[in-house]
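Below are the chains, spelled out letter by letter.
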Amino acid sequence: MNYQIDHLRELESESIFIMREVAAQFENPVLMFSGGKDSILMVYLAHKAFYPAKIPFSLLHVDTGHNFPETLKYRDELVERFGAKLVIGSVQEAIDNGLVTEEKGFNASRNGLQTSALLEALEKGKYDAALGGARRDEEKARAKERFFSHRDEFGQWDPKNQRPELWNLFNGRKNMGEHFRIFPISNWTELDVWQYLALEDIPLPSLYFAHERKVFKRDGTLLADCEYIQKRPNEEVFTQMVRCRTIGDMTCTGVWESNATTVEDIIQEIATTRMTERGGRTDDKRSETSMEDRKKLGYF
Amino acid sequence: MQNTELLRFTTAGSVDDGKSTLIGRLLYDSKSIYQDQYEQIERVSEKRGEEGVNLALLTDGLKSEREQGITIDVAYRYFSTPKRKFIIADTPGHIQYTRNMVTGASTANVALVLIDARHGVVEQTKRHAIIASILQIPHLLVCINKMDLEEYSQEVYDKIQNDFEQFAAKLDVKDVSFIPISALNGDNVVHRSDKMNWYEGSTLMHYLENVHIASDHNFIDTRLPIQSVIRPYSDEFHDYRGYAGRIAGGSFKIGDKVVALPSGFSSEVTRIVGPSGDQDVAYPPQSVTLLLKDDIDISRGDMIVRENNQPEVGQDIDLMICWFDGEKSLKPNGKYALKHTSQDVRCVIKDVRYKLDINTLSRDQEDKEIKMNDIGRIQIRTTKPLFTDSYRTNRITGSVIIIDEGTNNTVAAGMVI
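Just so you know, these numbers come straight off a predicted model, no measurement behind them. (Residues numbered from 1 in each chain as written. Chains lettered and ligands numbered in written order. Predicted model: local features only at pLDDT ≥ 70, side-chain atom pairs only at ≥ 80, totals over all residues. Heavy atoms only, no water.)

Novice: Requested: an account of the overall build of chain B, with residues and values cited.
Specialist: Helix and strand counts for chain B stand at 7 helices and 23 strands. Within the span of chain B, comprising 417 residues, buried residues form 59% of the whole. Residue pairs in contact within chain B that sit at least 24 positions apart in sequence constitute 69% of those at least 6 positions apart. A total of about 17300 Å² of accessible surface is found on chain B, and carbon and sulfur atoms cover 45% of it. (Helix = DSSP H or I, 4+ residues; strand = E, 2+ residues; numbered from the N terminus. Buried < 20%, exposed > 50% of the residue type's maximum accessible area, 1.4 Å probe, protein only. Contact = heavy atoms within 4.5 Å. Areas by Shrake-Rupley, 256 points an atom, 1.4 Å probe, with all protein chains shown as cover.)

Novice: Tell me about the pattern of salt bridges, and please be specific about residues and values.
Specialist: Following the criterion strictly, the structure yields 46 salt bridges over all chains and no others. In this structure, the salt-bridge partner of D90 of chain B is R77 of chain B, at a minimum N-O distance of 3.6 Å. In this pair, D90 of chain B sits in strand β3 (residues 84-92) while R77 of chain B sits in strand β2 (residues 75-80), placing the two residues 13 residues apart along the sequence. With respect to class, D90 of chain B is no different from R77 of chain B; both count as buried. A salt bridge links D374 of chain B to K355 of chain B; its shortest N-O distance comes to 3.5 Å. Taken as a pair, D374 of chain B in the loop between β20 (363-364) and β21 (375-388) and K355 of chain B in strand β19 (residues 343-356) lie far apart in primary sequence, 19 residues in all. Of the residues examined, D374 of chain B reaches a relative accessible area of 17% and is grouped as buried. The exposure class of K355 of chain B is buried, given its relative accessible area of 10%. A network of salt bridges, in which partner residues are shared, links R9, E12, K48 and E200 of chain A. (Salt bridge = Lys/Arg side-chain N within 4 Å of Asp/Glu carboxyl O.)

Novice: Report on the sheet that holds strand β10 (residues 254-257) of chain A, specifying residues and quantitative values.
Specialist: Residues and elements named next belong to chain A. Pairing is antiparallel in the closed barrel, where 4 strands are placed in the order β7-β8-β10-β9. Across the sheet, the axes of successive neighbouring strands diverge by a mean angle of 70°, strand direction being ignored. Looking at chain direction, strand β7 (residues 211-218) and strand β9 (residues 238-244) are connected through 5 bridges and run antiparallel. In the strand pairing of β9, K214 is matched with T239. (Pairing = 2+ DSSP bridges. Axes fitted to C-alpha atoms, helices over the stretch in contact; angles between N-to-C directions.)

Novice: Break down the interface of chain A and chain B for me, citing the residues and quoting the values.
Specialist: Opposite the 67 residues of chain A that make contact, chain B presents 78 residues. For the chain A face of the interface with chain B, the top three residues by lost area are Y3, K144 and W167 of chain A, together amounting to 15%. Taken together, the links from chain A to chain B amount to 4 salt bridges. One salt bridge in this structure joins E21 of chain A and R300 of chain B, with 3.0 Å as the shortest N-O distance. (Buried area = accessible area lost by both parts, 1.4 Å probe.)

Listed below in structure tokens is the structure:
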């Protein structure tokens, strides 16, 4: 008898284990859904973890109002397929209510404003655990993140005061007003995610596959031409075959020159690529420690 | 798709023994570094006026760490080859960071111990090896680094190997291997060195790709700690009642006679539902849902086992613990919260037997104050019975964490003796 499982099945079982712990240890967990492949993977894993019962978490989408339209279409179809409950935290609303002030100028992005909208939505829904699809291979601040990440009553992350995590014993105890961020796919890499999506034949938003789009170049990154980004006079728009490697707000998600039209093409592309996936994220490039700084304030 | 195994290993070391360079080298030579990452460290190396690109910068930490010039915490790194996917738990090796080494070691298949060829076996080497043995890491790999600074001398290598073996004879380690390397030049890391023809063993990468880890799990003592009971309450699955959890040992097959603890009721496995649907057999580390023939009362914290192979059931438990809390030391007679598999209980510290000197392995029965980073043997009594195996036979059913009920912090890791 060969009692051996491959790395994708081991990661799958680990993530399912974490999700079941969350359902058991917390009263009101919520799954943060961005519309990107990692959060799509999370929804599928949650479905497997509790099948044939329904996913016991609502899906929370922090809507910047600057989404790719494809993202919203996919989101609504997914919610319907799994009979999940969708909650929307709106950045536009946060701006209208004076909670945050919109950035102005060429590099204006609502990415940073998401933090306030997220914290507001978590407070409003009285969620005590927020599941996210962040992975440790994405960025060096995330390399030190826990599966169960404790946040104080201001939603802040303190990298010096994280609880040690041993074996598979997860300590979700907290005081009133505090909450946890939970990262069940911490140990997956970008390639693992794609291999698994292929293995399980999971449908994805069209944005991930190469398509023709009007784009322009800024600081070496291709950005989609849209009404939300103010172009500089010398920035020329041209049409190009591109795809997204990550999906976020239109203002900060770079697109990549690519001819990959199937998941298999994408796996091939990633296996041979020479750039990290967040290499196209202008929000990470603001400074060398921008992710660490945003995480401390309560970013995803 | 290829069938690749997952191997977790832990490294420990101080700033100057070449640990970061070695990890950087593994990532770089296995082509796990992207161009933008490489360009970034190239720029930083240049700015600092270093000769060539400093691969150690790849594992450079957070701003708060750089400001203080220390590594605070366990960092996880990933790389893969066509054969295996690797997770490195990279921990600082200084005595203050025993808790991090313990954390990284708790899930590792392999402990990679680095020795600087110029200094040989030092206190830190011993400490790391002792932790690897207490945490029962199945494989210990000793890399003798900086061989380039000792003219790739076989004599130097032999002496260090000999010293280490003499010391390790006192430890409970099953499988020890040695490799002479130069992380800086890449000798015997991924590529074979042409400067040490006297060495006939494998390179580090070859070792990592081939060390036998399939039997690192316990496949004998069948255990399923229950995380939750799945009840859909829908018309389609009206009578469905599934017991969800991750297999902690042994294997379950359809038709197996099983017993639920603590009730002691027996039943039979009728279905095993895994992530991909029904399966005939389940084993570690799979997450599954078991369905039983009889409708018996089972809830979170219970354990499903085989009739003829049961864990210890008891409230008085002997533990080896590592203390994590920097503010308060272990309170004799103190009460704490405790987690074991999916059980949450409270416990009282009945006795502190001794404190272990982790440099010499001697037992201190005079000074029994257990402070941060100390390892000691204690006895506890729990409010409810736990279903345990010794940590030696099962790392999952043999481990606990102890939690301060005031701060909610995890203050100790415990291993059942």
